[in-house]
Amino acid sequence: MRLLPGTPRALGLAAALATTALAGAAAPQPVARTARAPQVEESSGAPAAAEPGASPLRGSLGVPVAERLLASSDPEARLRGIERLGSIGTEAAINALLAALEQGAPAARDPKARLAAVRALAPHAPRDSVRQLLSRELAEGGAPARSAASPLGELLRGTAALALARSGDKRALAALVNAIVQGGAAGEAAARALKAHPPASLQLLLGSRKRLEPALVAFLGELGDLRALAALRPMLEGGDRAAQVAAARALARLGDEAALAKARAWLRKPEPGLLEASAEVLVHLGAPEAPDAVAALLGSELARLEGLRLAELAPAERLVPALARALPLLPEDARPRAVAAIGRAGGAEAARQLRRLSIERPELATAAAFALATAPGAEARAAVAEMIDGPRAAKDADLRRLGLRAGVVRGLVLRDAPEALEGRLLAALAAPRGSSDRAVAAFGAVALGLRDAREVVGACTPASCDRAAVHAAARGALARGERALAALAPLFAELAAPGGGAAPDAAAISAGVALLAAPRGGAVATSRLAALAEAGGPLAPLAARALAARDDEVIRGRLKRLLEGSDPVVRAHVALGLGSDPMPDSVSLLARAYRFEDDAAVRRAIVRGLSRRAEVQRRRVLEAARDLDPDEGVRALARAALSGVDRRALDAPSALATGVVWVAIVPNDRSAAASASSRPARLVRPDGLAVPVVADPDGVLLVPGVPPGVSSVLLAPAAPPGDAGS
């Protein structure tokens, strides 16, 4: 029977052909946007494996199309071919993808193509040929011959390791264990992957090994799996001393006291390596001999840094004298750590040593004051009080300011400020405008809730303003929550107006903390936000976040450029803002940005942004991030988003955001001391948000309201206009 055009069968075939042509991870073609609808960003992450009942028509027609794309000279076309083959998922498609990655092929020389291929092949890791390719990427991901110059090298290596670990395949796990034994970057990636996806049975890791290598033994201790005890305990009595030491350390990490007797015996031997091992075992197991063993390390020239590490791990009052003696003998960059360890040890002797350092060692005064401010106990509080109100304080303005700052930090962190602090702060508010004394008082009064930030600042315009007070009060408002920050919004809008030129005034940088409470930028004009975001500097990240939240046809191009820019902090804030973008197709921007982002902090921001979106397209990227992202933080955020956690909960202010960052800006050359005065900077908090700040006239930054974790500070390269004196 002849089939006429337009019959249902012909239409069905046409629909099937269209489906085949669009299947896979093809990037959306440019279209004229009049009214936006959600667009599927098919090249956004790891393609899902094909279902067992995949259409034969799709498989037969899709593979040749993908192979033609792979033969293209256009890298984007090759990426579409790789992702198309991964989404097809048939044996023919996987074989074609493996062939495209053979040595010498264009895709094999392109780190982006290799990363896309690893993600596409991850569901097929148990296959011999796929496992071999993933093992090669694990071993060579950052090798000079392949991708050492590419920032994607570590991302590629970590993704391959996770793909092997997720498979649970015995041979894949063996490849990871071999990498751990060999060490290096591949071994670190393999260890992280196995911690993220522990094997169902430890026997899959140990295999038929008659002897466990020290690197594997150490990993078993870090893994935290108590099933390893049976394999580790017999090693304590073996003839190999290195194996005994590794086993003892691993057992101690697992909390097993079988290593105690061996550690105590090693204490009586003069070998430095054994002393370090025994001290570590005793510390992990909380043995009463631990402080004495750590003190012995601190007294040893060869083991002093290891002793400091263990003193940080297990603070004890008995360690204070040993730490004080070791302090001048440590490398210069390790001395602040020793000061902090003295503070954590606590007690009357610690307070005495820290007070002495704050007076006699100017280069360690800030570290000593911070240690006193955060050390619990009446002795530390009394030491801070003497710095504020003692006989020396009346003669030494630097010591008095140091004590006032320590008292404020103590009040914020421990709620245990000295009694004299409040009166001294309020009295110092009468100090001359623009002075360091008034700046310290302004910060403390606002941070402790004694005065409102606007009350302290008073009248302030670009032409006339006590900028030092603005800088300090704005930072103090960070300790008081969103309401205090929002109160600075009118001041920021006035100071950030474009009348003064493209570069923001110093006071505008400080008042920019108001953007933390106004993610959409408040009353600041969109054009001004765009100028601030593109100019760089401390205000650029928060301005970029606000600009992205106002996305429309006019600024979309500028947002794309910012999202592809060289500053990872700005990229991260654009991603956060796109999470609140009213345009539905912003999910495609986020999905595309995730594909080859090498900075883990930016990927966390992208996942946060996607977690706020409701479009279905977000799911594929979140699943890829949950399963294959090498960064633990990214995986955790993706799991939370996929588990149905309220999106607002991911952005809610943390109840633990009570930390304070204390930075003293010290120029390398004394003749450049003026460069530290009122220096603008941006502080990137552990949650990824960048806070614009300006130092006090004496070059000190106190930034409260910081969540637990590691923060980073980047100083502006030059002082902005209007930042001289007062």
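Look a little higher up for the structure.
Residues numbered from 1 in each chain as written. Predicted model: local features only at pLDDT ≥ 70, side-chain atom pairs only at ≥ 80, totals over all residues. Heavy atoms only, no water.

## Observations regarding the overall build of the protein
Stated formally: Secondary structure follows DSSP: runs of H or I at least 4 residues long count as helices, runs of E at least 2 residues long count as strands, and numbering of each begins at the N terminus. Note on classification: 1.4 Å probe, protein chains only; a residue is buried when its accessible area is under 20% of the maximum for its type, exposed when over 50%, partly exposed between these limits. Whether two residues are in contact is decided by their heavy atoms: any pair within 4.5 Å suffices. The protein chains shown are the only cover counted for residues, whose accessible areas, like all others here, come from Shrake-Rupley with a 1.4 Å probe.
Regarding its fold elements, the protein presents 40 helices and five strands. Counting all 726 residues of the protein, 52% fall into the buried class. Taking all contacts inside the protein whose residues are at least 6 apart in sequence as the whole, residues at least 24 apart take part in 66%. Accessible surface computed for the protein: about 31200 Å², of which carbon and sulfur atoms make up 55%.

## Things to note about the side chain of S278
As for its position among the elements, S278 is in helix α15 (residues 272-284). Apart from residues lying up to four places away in sequence, S278 is in contact with A263, W266 and L267.

## A word on the pattern of salt bridges
Our working rule: Should a side-chain nitrogen of Lys or Arg be within 4 Å of a carboxyl oxygen of Asp or Glu, the pair is scored as a salt bridge.
As enumerated under the stated definition, the model contains 50 salt bridges in all. Ionic pairing is found between R556 and D551, a salt bridge with its closest N-O pair at 2.5 Å. In this structure, D631 engages R604 in a salt bridge whose closest nitrogen and oxygen atoms are separated by 2.9 Å. Placement of D631 in the loop between α38 (618-628) and α39 (632-642) and of R604 in helix α37 (residues 600-611) is noted, with a sequence separation of 27 residues between them. Through salt bridges with shared partners, a single network forms among D398, R400, R401, R405, D437, R475, D696 and D698.

## So, the sheet that holds strand β5 (residues 712-715)
The line we're drawing: DSSP-based pairing: two strands are paired if at least 2 bridges between them are found. Each axis is a line fitted through C-alpha atoms, taken for helices only over the stretch in contact, and angles between the N-to-C directions span 0 to 180 degrees.
Spatially, three strands are ordered β3-β2-β5 in an open sheet, and the strand pairing comes out antiparallel. Each end of this open sheet is capped by a strand with a single partner; those strands are β3 (690-694) and β5. Sheet twist, expressed as the mean angle between neighbouring strand axes with direction ignored, is 25 degrees. Pairing geometry for strand β2 (residues 680-684) and β3, over five bridges, is antiparallel. Across the sheet, P680 pairs through a bridge with V694, a residue of β3.

## With respect to helix α9 (residues 184-196)
Heads up, the condition is: An expected span of 1.5 Å times one less than the residue number is assigned to each helix.
With 13 residues, α9 ought to run about 18 Å at 1.5 Å a step, and its terminal C-alpha atoms sit 19 Å apart, in line with that. Within α9, the full set of buried residues consists of A186, G187, A189, A190, A191, A193 and L194. Looking at the buried residues of α9, the elements they touch are α6 (128-140), α7 (153-167), α8 (170-182), α10 (203-206) and α11 (214-223).

## Here we look at the side chain of R550
As a reminder, the rule being used: Under the counting rule used here, the positive set is Lys and Arg, the negative set is Asp and Glu, and His together with the chain ends is not counted.
Topologically, R550 is positioned in the loop between α33 (540-549) and α34 (556-563). Despite its burial, R550 remains without a salt bridge, the nearest opposite charge being carried by D552 at 8.9 Å. Excluding residues within four positions of it along the chain, R550 makes contact with R520, G521, G522, V524, A525, T526, L529 and I555.

## Points about the packing of helix α20 (residues 348-360) against helix α22 (residues 378-389)
The line we're drawing: Any angle that is under 35 degrees is reported as roughly parallel, and any over 145 degrees as roughly antiparallel; angles of 65 to 115 degrees are reported as roughly perpendicular and all others as oblique. Crossing handedness is read from the near helix: turned anticlockwise from the far helix by less than a right angle, it gives a left-handed crossing, and turned clockwise, a right-handed one. Think of it as three bins: nonpolar holds Ala, Val, Leu, Ile, Met, Phe, Trp, Tyr, Cys and Pro, charged holds Asp, Glu, Lys and Arg, and polar takes everything else, Gly as well.
For the pair α20 and α22, the least separation of the axes is 8 Å and the interaxial angle reads 25 degrees. By the angle class used here, α20 and α22 are roughly parallel. Between α20 and α22 lies a crossing of right-handed hand. Across from A348, A351, R355 and S358 in α20, the residues of α22 making contact are E379, A380, A383, E386 and M387. When its residues are assigned to classes, the contact of α20 with α22 shows five nonpolar, one polar and three charged.

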